[in-house]
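# Descriptive structure summary
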Amino acid sequence: MHLIPTPRKMELKSGFYYFDGEMPDVKKEVKKSFLTEEGYRLTVDSDGVCIEGGSEKGVFYGEITLKQILNNYRGMLPYIYISDEPEFDYRGFMLDSARHFLTVEEVKKVIDACAYFKLNKFHFHLTDDQGFRFEMKEYPLLTEVGSKRRASEFSAEESVREEYAHYYTKAELKEIVEYCHERYIEVIPEFDIPGHTTTLLAAYPELSCTGEEIEPQTKGGVFEDILCAGNPETMKVIYAVIDEMCEIFTDKYFHIGGDEAPKTRWIECEKCHKKKAELGLRNFQELQGWLMNEVAEYLKTKGKKAICWNDALKGGNLDSTNTVVSLWLERNNRSIEWANSGKGLIVESNVPLYMDYPYAVNSLEKIYKFNPKKLKGLTEVGANSILGIESPAWSEHIRDFTELTYMCFPRWLAVAETAWTGGNKKGFPQFLETTRFYCDVLTEMKITPAERDVWSGAPQKAVPQLLKYGKRMLSPESVIDFIKVQKNELFGGGK
Ligand code: ACM
Ligand code: ZN
């Protein structure tokens, strides 16, 4: 039987239940006291089909499992008993519409596919150096100026010279949020601060330390111009964006970025020095920690919990009461220590979870075998502080929907398997068969996965992918270089 994710407990019995039409009648019941919120039991016997869930959400997951079983047996169902619940509450996928934009219809197709494999958190990266994709009323230049860049030069060889201009209206984002909620997916907007903010500074140059005019970036990277932490206007704009985003994004988590914020400008800025002294802080990493804490506190007044990339831990003063950390890349073990002291951690390690990395680096097998609870240095408390995993699809190099589905599918099936079942998986050959099976289902959903050779064989079989996207997609060597450069930028040079 092909099911993704694999249910915790499944007993296949002898006998079949026959029914007319596409779907059998299903008896559904919420049984709060017996089951966890996302847990469910599915029974098929001579009386028919029954789904019990710990909540409506649990019932929904039972229905998905039923649909998947029906993909295996059309017109009849084997007698079966399934009792299931996820290992992790947080089972996330991330889309980056800041670098390359996805239409509402494209986003919905991805959501459909992810819901089908029981992923439940959609992290939407909406603002970055190359695009501000949110329709902002109070500071309209954020959208007017920030949503347009002059060209796309993410790859030197294939630069696109015409203007690239896109944003989502509030009505469109509401539609996406509702679409997710109908599928029991929470939406987490990301407003990345204080770095990755060239578009904000292009709109309102007075928010930078230098006040100089700049334009939205046309290629990827880490940029030195960031929001000035010593300017009170910065906080006003941040809160205004949060206010307007919170009208649309009504779920618990709100991502405030915090990654790759070089302190070059702060070190040279009188206002930043003054702020640091006024707060009695020792260095500019602490100043970033202070900024993230202020914003997390503001989000708390709106009933939200902040998420920060692990870079925000460098000051050592991030407050865990309002914030959880998402770990993407780290040398100094701060995230592990954070988790070991009982603070919430979402694991999105670039290896194996970044979907913009080639299949030769982050293979289906590596994702399948990944156990976030076995990260080096994690204690038992640390392992229990892992909220779950998330897999980002950064879009500097993924330019459109076709490339996106190629990179994410079928790898997000392995992400879904790991997120639901945790680390105790031993059946990769079986999982490969099941993945092959679901690639056909994905195609019916208008999601075209990568061809089999790319993901089902030895890493060298992924070479066609490198050849296909060789000029733009990162090669294994360039990924290694990239990680080295990132490590240097993030941890070296006393920044
Ligand atoms: C990141 O990849 N900069 C979080
Ligand atoms: Zn400053």
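Since this is a predicted model, take the numbers as computed values, not measurements.

Helix and strand counts for the chain come out as 19 helices and 17 strands. Here the C-alpha radius of gyration of the chain, 23 Å, is about what a compact globule of 495 residues would show, namely 23 Å. C-alpha atoms of the chain, sized along the principal axes, occupy 75 × 50 × 45 Å. Scored against the burial criterion, the 495 residues of the chain give a buried share of 61%. For the chain, the share of sequence-separated contacts (at least 6 apart) that also reach a separation of at least 24 residues comes to 74%. Surface accessibility of the chain: about 19,700 Å² in total, with carbon and sulfur atoms responsible for 49%. Counting 63 positive and 77 negative side-chain charges, the chain places the averaged centre of each group 4 Å from the other.

Before going further, it helps to spend a moment on the coordination of the zinc ion (ligand 2). Those donors, Cys 209 (SG), Cys 228 (SG), Cys 269 (SG) and Cys 272 (SG), are the protein atoms that reach the zinc ion (ligand 2), and they lie 2.3 to 2.4 Å from it. Summarised as a motif, the one-chain spacing of the donors to the zinc ion (ligand 2) is C-x18-C-x40-C-x2-C. With a gap of 60 residues between them, Cys 209 in the loop between helix H5 (198–203) and helix H6 (232–248) and Cys 269 in the loop between helix H7 (264–267) and helix H8 (270–278) connect regions that are remote in the sequence.

If you walk through the whole model with that rule in mind, you get zero disulfides. Among the cysteines around Cys 180, which has no disulfide bond, Cys 114 carries the closest sulfur, lying 9.3 Å off. Free of any disulfide, Cys 408 has its nearest neighbouring cysteine sulfur in Cys 114, separated by 7.7 Å.

The next point concerns the nonpolar core. With 140 residues, the main nonpolar core has Phe 122, Leu 142, Phe 191 and Trp 412 as its most contacted residues. The greatest single-element share of this core, amounting to 10 residues, is contributed by H6. Met 94, Trp 309, Leu 329 and Tyr 357 belong to the second largest nonpolar core, which has eight residues in total.

Attention now goes to the packing of helix H2 (residues 104–116) against helix H4 (residues 170–182). The geometry of a pair of packed helices is captured by two quantities: the angle between their axes and the separation between those axes. Two elements in contact, H2 and H4, have axes whose closest approach is 10 Å; the angle formed by their N-to-C orientations is 15°. Accordingly, the angle class assigned to the pair H2 and H4 is roughly parallel. For the element pair H2 and H4, the recorded crossing hand is right-handed. Facing H2, whose interface residues are Val 104, Glu 105, Val 107, Lys 108, Ile 111 and Asp 112, H4 presents Glu 172, Glu 175, Ile 176, Tyr 179 and Cys 180. Grouping the amino acids of the contact of H2 with H4 by side-chain chemistry returns six nonpolar, no polar and five charged.

Our focus in this paragraph is the environment of Arg 8. With respect to the helices and strands, Arg 8 occurs in the segment before strand S1 (9–18). With a relative accessible area of 48%, Arg 8 lands in the partly exposed category. Setting aside chain neighbours within four positions, we find Arg 8 in contact with Ser 83, Asp 84, Glu 85, Pro 86 and Glu 87.

All right, on to the packing of helix H15 (residues 411–421) against helix H16 (residues 428–444) then. Close contact between H15 and H16 brings their axes to 10 Å; oriented N to C, the two are set at 120°. On the basis of their axis angle, the class for H15 and H16 is oblique. The element H15 and its partner H16 pack so that their crossing is right-handed. In this structure, H15 contributes Leu 413, Ala 414 and Glu 417 to the contact, and H16 contributes Phe 431, Thr 435, Tyr 438 and Leu 442. Class assignment for the residues of the contact of H15 with H16 results in five nonpolar, one polar and one charged.

The pairing of strands in a sheet comes from backbone hydrogen bonds and takes either a parallel or an antiparallel form. If you trace the five strands from one edge of the open sheet to the other, you get S1-S5-S3-S4-S2, paired in mixed fashion. If you trace the sheet from one side to the other, it starts and ends with S1 and strand S2 (26–30), each paired once. Here the strands of the sheet are splayed against their neighbours by 20° on average, with no regard to which way each runs. Sheet topology note: the S1/strand S5 (residues 76–84) ladder contains seven bridges and is antiparallel. Bridge pairing in S5 links Phe 16 to Pro 78.

We now examine helix H9 (residues 284–301). For an α-helix the count is 3.6 residues per turn, leaving residues at separations of three or four pointing the same way. With 18 residues, H9 ought to run about 26 Å at 1.5 Å a step, and its terminal C-alpha atoms sit 26 Å apart, in line with that. Just beyond H9, the residue with positive phi is Gly 303, at close to 80°.

Its place among the elements puts Gly 289 in helix H9. Distance from Gly 289 to Gly 315, taken between C-alpha atoms, is 5.7 Å for residues 26 residues apart in sequence. Residues in contact with Gly 289, not counting those within four places in the same chain, are Asn 317 and Leu 318.

On to the confidence of the model for the chain. For the chain, the mean per-residue pLDDT works out to 92, and 91% of the residues sit at or above 70. Summarising per-element confidence for the chain, the mean pLDDT is lowest in helix H19 (residues 476–491) (51) and highest in strand S7 (residues 121–125) (99). Note that residues 470–474 has pLDDT below 50 and, in this model, 20 contacts with residues that lie over four places away or in other chains. Predicted confidence is poor over residues 485–495, with pLDDT under 50, and the contacts of this stretch with residues over four places away or in other chains come to 23 contacts.

What counts and how
- Just so you know, the residues in each chain are numbered from 1, in the order the chain's sequence is written.
- To label them, take the chains in the order written and letter them from A, then take the ligands in the order written and number them from 1.
- Under the rules for a predicted model, residues below a pLDDT of 70 receive no local features and side-chain atom pairs below 80 are neither given nor counted, while totals for whole chains, interfaces and linings still include all residues.
- Side-chain metrics rest on all non-hydrogen atoms present in the structure, leaving aside hydrogens and water.
- The helix count covers DSSP runs of H or I at least four residues long, the strand count covers runs of E at least two residues long, and both are numbered beginning at the N terminus.
- In this description the radius of gyration comes from C-alpha coordinates, and the expected globular size is given by 2.2 Å times residues to the power 0.38.
- Remark: exposure states derive from per-residue accessible area (1.4 Å probe, protein chains only) relative to the maximum for the residue type, with buried under 20%, exposed over 50%, and partly exposed in between.
- When checking whether two residues touch, look at their non-hydrogen atoms; a contact exists if any pair is within 4.5 Å.
- Residue exposure ignores everything except the shown protein chains as possible cover, and the areas themselves are Shrake-Rupley values with a 1.4 Å probe.
- Charge assignment in this entry is limited to Lys and Arg as positive and Asp and Glu as negative, and neither His nor the chain termini are counted.
- A single reference atom marks each charge: NZ on Lys, CZ on Arg, CG on Asp, CD on Glu.
- Coordinating N, O and S atoms are those within 2.8 Å of the metal (3.2 Å for Na, K and Ca), and as water is not part of the atoms, a site may appear to have fewer donors than expected.
- To count as a disulfide, a pair of cysteine sulfur atoms needs to be within 2.5 Å.
- Each nonpolar core is a collection of buried residues, namely Ala, Val, Leu, Ile, Met, Phe, Trp, Tyr and Cys, held together in the definition by side-chain atoms within 4.5 Å.
- Working convention: axes come from line fits to C-alpha atoms, limited for helices to the stretch in contact. Angles between N-to-C directions cover 0 to 180 degrees.
- Angles are sorted into four bins: roughly parallel if under 35 degrees, roughly antiparallel if over 145, roughly perpendicular if 65 to 115, and oblique for all others.
- Helix crossings fall into two classes, left-handed where the near helix is turned counterclockwise from the far one by less than a right angle and right-handed where it is turned clockwise.
- All amino acids are sorted into three groups, where Ala, Val, Leu, Ile, Met, Phe, Trp, Tyr, Cys and Pro are nonpolar, Asp, Glu, Lys and Arg are charged, and the leftover types, Gly among them, are polar.
- Two strands pair if DSSP finds at least two bridges between them.
- Here the expected span of a helix is defined as 1.5 Å times the quantity of residues minus one.
- What pLDDT expresses is the predictor's confidence in each residue, scored from 0 to 100.

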